[in-house]
Amino acid sequence: MANSRIRVPGWLLLVAAFAVTAAAFLTIRALYDSADEARSEQVHLARVESFANRLSALEWQVVAAGAVSPELRSDVDQALEETQPLLDRVVAASDEGEREVLTLYSAFSVAIRGELALINSGDMVAARAYDEETGDPAFTDLHHAIVAQINRHADAASAARDRAQSLSLVAMAVGVGLVTLLFWRFERARRAVDVVRVEQQALRRLAFHDSLTGLPNRRVIEDGLGGSLNAGAGRPLAILYID
C-alpha cells in the first residue's frame, strides 16, 4: 500500500511559524492598546466625577453662607470652565453611555446655576426645595452613571488584558510546537543520512574485501594495479606474488 502521508516542506513550516507569530503579535498589541484606551477612559470619567463633587461642595458652601459671594461665584464658574475640556471629549465620543454622562452633567450644572440664582435672590426656602427636587437627584443620577461607565471600562480593560495573555500563551505554544516539529524533522533527516552513510560503507567493504578473512580481494588488487600502471606509464613495475 502506497504511503499517502502529506509531507510539508520545512520552509513552509518556517513561513507558517513566522506568520502565526506576526499575527499573534499584532493582535496582542491591539488588545493591549484597547486595554490602555479603556483605562484612559476610566481616568477621564473619574476626573469628571471629581469636578462634579467639587461643584456639589461649592453648592453646600453657598447654602451654608446663605448668599453667593463673588469668591464662591468665581469658584463655581472656574469649576464649570475647567470641566468643559472633559465634556468636549465626551461630546466627541461615540459611546452611548458617555453621552448619557454628558446629558446628566449638563442637567446637574443647570440645577447648580438655578439653585445659586434662587439663593442669590434671597429665597432660601425655594432654593432648598429646588435642591431637593432637582439638584440632589441630578447629582445622584450623574454619580451612578459615571460609576457605571467606570466599571464598564474597567471590565473591558480586564477582558482585553486576559485575552492578550491567553493569546500570548497560545502563540507561544504554537511557536514551540512548530520549532519542535522542525527540530524533529531535522534530527530524523540527520539520522537517515547517518544510516545511509553506514550502509554505503558496509557495501563498499563487502565489495572490496573478502567476507571470510576480511582481507582485500581481487578487485582491490586490480584497481591498485591499474592505478599504478597508469601513474607509472613507461617506468619499470614489479609485482611480488606470495602464495
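Residues numbered from 1 in each chain as written. Predicted model: local features only at pLDDT ≥ 70, side-chain atom pairs only at ≥ 80, totals over all residues. Heavy atoms only, no water.

This brings us to the overall build of the chain. From N to C terminus, the chain includes five helices and zero strands. When the helices and strands of the chain are placed in sequence order, the string is α-α-α-α-α. Among the 243 residues that make up the chain, the fraction classed as buried is 26%. Counting contacts in the chain only where the partners sit at least 6 residues apart, residues at least 24 apart contribute 71% of the total. (Helix = DSSP H or I, 4+ residues; strand = E, 2+ residues; numbered from the N terminus. Buried < 20%, exposed > 50% of the residue type's maximum accessible area, 1.4 Å probe, protein only. Contact = heavy atoms within 4.5 Å.)

So, on to helix H4 (residues 124–208). Each α-helix winds once per 3.6 residues, and so residues spaced three or four apart point in a common direction. Compared with the 126 Å implied by 1.5 Å per residue over 85 residues, the 122 Å span of H4 between its first and last C-alpha is a close match. Maximum bend of H4: about 45°, positioned at Asp-131. (Expected span 1.5 Å × (residues − 1). Bend = angle between axes of the 7 residues up to and from the residue.)

This part is about the packing of helix H3 (residues 96–120) against H4. Between H3 and H4, the least distance of the axes is 9 Å, while the angle of their chain directions is 160°. In terms of their interaxial angle, H3 and H4 are classed as roughly antiparallel. The way H3 lies across H4 gives a crossing that is left-handed. Class assignment of the residues belonging to the contact of H3 with H4 gives a composition of 18 nonpolar, six polar and four charged. (Axes fitted to C-alpha atoms, helices over the stretch in contact; angles between N-to-C directions. Parallel < 35°, antiparallel > 145°, perpendicular 65-115°, else oblique. Left-handed = near helix turned anticlockwise from the far one by under 90°. Nonpolar A, V, L, I, M, F, W, Y, C, P; charged D, E, K, R; others polar.)

The next point concerns H3. With 25 residues, H3 extends 36 Å between its outermost C-alpha atoms, agreeing within 8% with the 36 Å of an ideal straight helix rising 1.5 Å per residue. Of the residues flanking the end of H3, it is Gly-122, one or two places downstream, whose phi is positive at about 90°.

What follows concerns a nonpolar patch on the surface. On the surface, Val-20, Val-170 and Val-174 cluster together into a nonpolar patch covering about 200 Å² of accessible area. Here Val-20 lies in helix H1 (residues 10–65). (Patch = residues over 30% accessible without salt bridge, like charges linked within 9 Å, V, L, I, M, F, W, Y side chains within 5 Å. Areas by Shrake-Rupley, 256 points an atom, 1.4 Å probe, with all protein chains shown as cover. Salt bridge = Lys/Arg side-chain N within 4 Å of Asp/Glu carboxyl O.)

Another point: the environment of Asp-131. Of note, Asp-131 is situated in helix H4. With 15 residues separating them in the primary sequence, Asp-131 and Leu-116 have C-alpha atoms 9.8 Å apart. Setting aside chain neighbours within four positions, we find Asp-131 in contact with Glu-59, Glu-115, Asp-136 and Pro-137.

With that out of the way, let us pick up the nonpolar core. By size, the foremost hydrophobic cluster in this structure holds 30 residues, and its most contacted members are Tyr-105 and Leu-142. Aside from chain neighbours lying at most four places away, what touches Tyr-105 is Val-48, Phe-51, Ala-52, Leu-55, Thr-83, Leu-87 and Leu-142. (Core = buried A, V, L, I, M, F, W, Y, C linked by side-chain atoms within 4.5 Å.)

What follows deals with the packing of aromatic side chains. Considering all chains together, one arrives at two aromatic pairs under this definition. Seen from their ring centres, Tyr-105 and Phe-108 are 6.5 Å apart, and the 70° between their planes marks the pair as edge-to-face. Of this pair, Tyr-105 and Phe-108 both sit in helix H3, separated by three residues, roughly a single helical turn. For Tyr-105, a relative accessible area of 1% puts it in the buried group. Classification of Phe-108 by relative accessible area gives buried; the value is 1%. Consider the rings of Phe-108 and Phe-139, whose centres lie 5.4 Å apart with planes at 50°: the pair is tilted. You can see Phe-108 sitting in helix H3 and its partner Phe-139 sitting in helix H4, a full 31 residues away along the chain. Site record: aromatic cluster; members linked through ring pairs are Tyr-105, Phe-108 and Phe-139. (Phe/Tyr/Trp six-rings, centres within 6.5 Å; stacked < 30°, edge-to-face > 60°.)

Moving on to the pattern of salt bridges. The tally for this structure, following the rule as stated, stands at six salt bridges. Across the salt bridge formed by Arg-190 and Asp-194, the nearest N and O atoms sit 3.1 Å from each other. A residue pair is termed a helical-turn pair when its members lie 3 or 4 positions apart in one helix, as Arg-190 and Asp-194 do in helix H4 at four residues. With relative accessibility at 37%, the residue Arg-190 sits in the partly exposed group. Notably, a salt bridge pairs Arg-197 with Asp-194, separated by 2.9 Å at the nearest N-O pair. Of this pair, Arg-197 and Asp-194 both sit in helix H4, three residues apart, roughly one helical turn.

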